[in-house]
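Each chain, letter by letter, is given below.
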Amino acid sequence: MKITIIGGGSWGLGLGTVLSQNKHDVLVYDNAPKIVDKINQKHICLQLNESIPKTIKATNSVKEAVSFSDIILFVVPTKVLRSAINSVTDVLTSPKLFINAAKGIEPETFMRISEIFEEMVQPNYLRGFVTLSGPSHAEEVIKGMTTVITATSLNENHAKEVQELFHNSVNFRVYTSTDLKGVELAGALKNIFALASGLIAGKGLGDNARAALITRGLVEMKKIFQAEGANVQSLMSLPGIGDLIVTCTSKHSRNFQAGYKIGNGKDLEETLNAMTMVVEGIRTCEAAYHYGQKNNLDLPIISAIYDIVFNKMDPEKAYKELFEREKKNEYAI
Ligand SMILES: NC(=O)c1ccc[n+]([C@@H]2O[C@H](COP(=O)([O-])OP(=O)(O)OC[C@H]3O[C@@H](n4cnc5c(N)ncnc54)[C@H](O)[C@@H]3O)[C@@H](O)[C@H]2O)c1
């Protein structure tokens, strides 16, 4: 099969490597010329400084990329998603199956990525929408290390189509799911707790604190799931607890790395400016915090991260406030 990838960064080329190893033809579009040059001339992922298969080609022309195939995989940071979709819809002339591998929620609207696609792509050009999610750091996928993820679509046949593209029996296993809302929410929200996990590690807290954070983070995710009418059961999945664990514990997580530096006393803005790759947890935290306020949800960890990031609260103070909250039953709402 031929597959177009929009976004030739870490995750775009991680997934491109899997597709290429599965003998598909991959053409990458990236709006940064140096990314395109590195792919075509050096066969390298610039962000990770890792080799990629020589069969992966790249172009600066969105028109060429879109006409290359009927399957378009988006892997751009959610901050630029709308402009990337716009550049593609401008040159669409036939229906495509859209796949998304980015993880985030739009802060201004609390829209999930599938909702943004539905709003922006004309129905006659939107053959289907599938999201790819699960515990998967590009750093490992690009090296061919064992990874298991889930292809999710409201249309199970579309999920199976994407499973077929990515799955292999060596190192990349793909499940299917139809719980699009749950998978998209979980994939986005976990990044907030990765930031928090990095923060507490940077502050010198240990594994006990991290395990507590993951568990209580899951409780906050559950509250948002319930308010949104998402299936809480789907937190028990690769895109749910699986992704939450990997992102809160792995050195590869950019959200964890950013949190770690802030916890270690580094300036927030300096930290974010120095990151060459996207830290989705910041935007998702903004989205989740305002959602919680609007819906009267008690989300203490999300609120603490919001205060640290957006109100410049000293992490020490945020930590103290979390611990000074009233004593509770673990199952209290
Ligand atoms: N890196 C990972 O391990 C990983 C794993 C799972 C999910 N994700 C998610 O994937 C998304 C992308 O992350 P990443 O790590 O690949 O980011 P990245 O910063 O490594 O790469 C993003 C790429 O998108 C390109 N880009 C930006 N705007 C564009 C546009 N309008 N058109 C075309 N290309 C454009 C950039 O030039 C860059 O090469 C994020 O939402 C992230 O959370 C990442």
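Analysis parameters
Residues numbered from 1 in each chain as written. Predicted model: local features only at pLDDT ≥ 70, side-chain atom pairs only at ≥ 80, totals over all residues. Heavy atoms only, no water. Helix = DSSP H or I, 4+ residues; strand = E, 2+ residues; numbered from the N terminus. Rg over C-alpha atoms; globule rule 2.2 N^0.38 Å. Buried < 20%, exposed > 50% of the residue type's maximum accessible area, 1.4 Å probe, protein only. Contact = heavy atoms within 4.5 Å. Areas by Shrake-Rupley, 256 points an atom, 1.4 Å probe, with all protein chains shown as cover. 1 Å grid on protein atoms, 1.4 Å probe; cavity = no way out; pocket = protein on both sides within 12 Å on 5 of 7 lines; lining within 4 Å. Points joined across faces, edges and corners; volume = space filled by probe spheres on them. Nonpolar A, V, L, I, M, F, W, Y, C, P; charged D, E, K, R; others polar. Near = heavy atom within 4 Å. Polar contact = N/O pair within 3.5 Å; in protein donor to acceptor, adjacent residues only side chain to side chain. Domains from an automatic or database assignment. Arc of directions from axis to C-beta. Salt bridge = Lys/Arg side-chain N within 4 Å of Asp/Glu carboxyl O. Pairing = 2+ DSSP bridges. Axes fitted to C-alpha atoms, helices over the stretch in contact; angles between N-to-C directions.

S.K.: In this structure, what is going on with the overall build of the protein chain? I would like to understand it.
M.R.: The helix and strand tally for the protein chain stands at 15 helices and 10 strands. Against the globule reference of 20 Å for 333 residues, the protein chain gives a C-alpha radius of gyration of 19 Å, in line with a compact fold. When the backbone C-alpha atoms are referred to their principal axes, the protein chain occupies close to 60 × 40 × 35 Å. Here the protein chain holds 333 residues, and the buried ones make up 55% of them. A separation of at least 24 residues holds for 71% of the contacts in the protein chain among residues at least 6 apart in sequence. For the protein chain, the exposed area adds up to about 15100 Å²; of that, 50% sits on carbon and sulfur atoms.

S.K.: How should I be thinking about the layout of surface pockets in this particular structure?
M.R.: In this model, the second largest pocket occupies a volume close to 780 Å³. Surrounding the second largest pocket, 31 residues form its lining, Arg 216, Ile 301, Leu 322, Phe 323 and Arg 325 being those nearest its centre. For the lining of the second largest pocket, the secondary structure elements donating two or more residues are helix 8 (180-202), helix 9 (207-228), helix 14 (300-310) and helix 15 (315-323). Top contributing element to the lining of the second largest pocket by residue count: helix 9, with eight residues. Here the lining of the second largest pocket is built from residues that sort into 19 nonpolar, two polar and 10 charged.

S.K.: I would appreciate a short explanation of the site of the ligand in the present structure.
M.R.: Around the ligand sit 27 residues in total, of which Ser 10, Asp 30, Ala 138, Arg 254 and Glu 280 are the nearest. For the ligand, an oxygen atom lies 2.9 Å from a polar atom in the backbone of Trp 11. Here Asp 30 contributes a side-chain N or O atom positioned 2.7 Å from an oxygen atom of the ligand. Considered on its own, the ligand offers 830 Å² of accessible surface; in the complex 90% of this is hidden by protein. Residue composition of the shell around the ligand, grouped by class: 15 nonpolar, eight polar and four charged. Composition of the shell around the ligand by domain shows at least three residues from each of domain 1 (2-178) and domain 2 (181-323).

S.K.: I would appreciate a short explanation of helix 7 (residues 156-166) in the present structure.
M.R.: Residue pairs spaced three or four apart in an α-helix point in one direction, given the helix's 3.6 residues per turn. For helix 7, the set of buried residues is His 158, Ala 159, Val 162, Leu 165 and Phe 166. Taken down its axis, helix 7 places every buried residue within 115° of arc, on the same side. Exposed residues pointing more than 90 degrees away from the buried face of helix 7 are listed as Asn 157 and Glu 164. Looking at where helix 7 begins, the residue whose side-chain oxygen comes 2.8 Å from the main-chain nitrogen of Asn 157 is Asn 155.

S.K.: I'm lost on the pattern of salt bridges in this one. Help?
M.R.: For side chains of opposite charge, pairing can occur when their charged atoms come near one another. Within this structure, the stated rule accounts for 15 salt bridges. Its salt-bridge partner being Asp 243, residue Lys 103 comes within 2.8 Å of it at the nearest N-O pair. Separated by 140 residues along the polypeptide, Lys 103 in the loop between strand 7 (96-100) and helix 5 (113-120) and Asp 243 in helix 10 (residues 238-249) bring together distant segments of the chain. Both residues of the pair, Lys 103 and Asp 243, belong to the buried class. Asp 243 serves as the salt-bridge partner of Lys 190, at 3.7 Å between the closest nitrogen and oxygen. Of the two residues, Lys 190 sits in helix 8 while Asp 243 sits in helix 10, which places them 53 residues apart along the sequence. When sorted by exposure, Lys 190 lands in the same class as Asp 243, which is buried. One connected set of salt bridges, linked through shared partners, spans Arg 82, Glu 106 and Glu 119.

S.K.: Looking at this structure, I do not really get the sheet that holds strand 9 (residues 147-152). What am I missing?
M.R.: Sheet strands associate in pairs through backbone hydrogen bonding, adopting either a parallel or an antiparallel arrangement. Taken together, the eight strands give an open sheet; going across it, the order is 5-2-1-6-7-8-9-10, and neighbouring strands pair in mixed fashion. Looking at strand neighbours, the two that pair on one side only are strand 5 (57-59) and strand 10 (172-177), the edges of this open sheet. Along the sheet, successive strands turn relative to each other by an average axial angle of 25°, direction set aside. As paired elements, strand 1 (residues 2-6) and strand 2 (residues 25-29) share five bridges and run parallel to each other. Counterpart to Ile 3 in the pairing with strand 2 is Val 26. Packed on one face of the sheet, helix 4 (residues 81-89) meets strand 1, strand 6 (71-74) and strand 7 and runs near 160° to strand 6.

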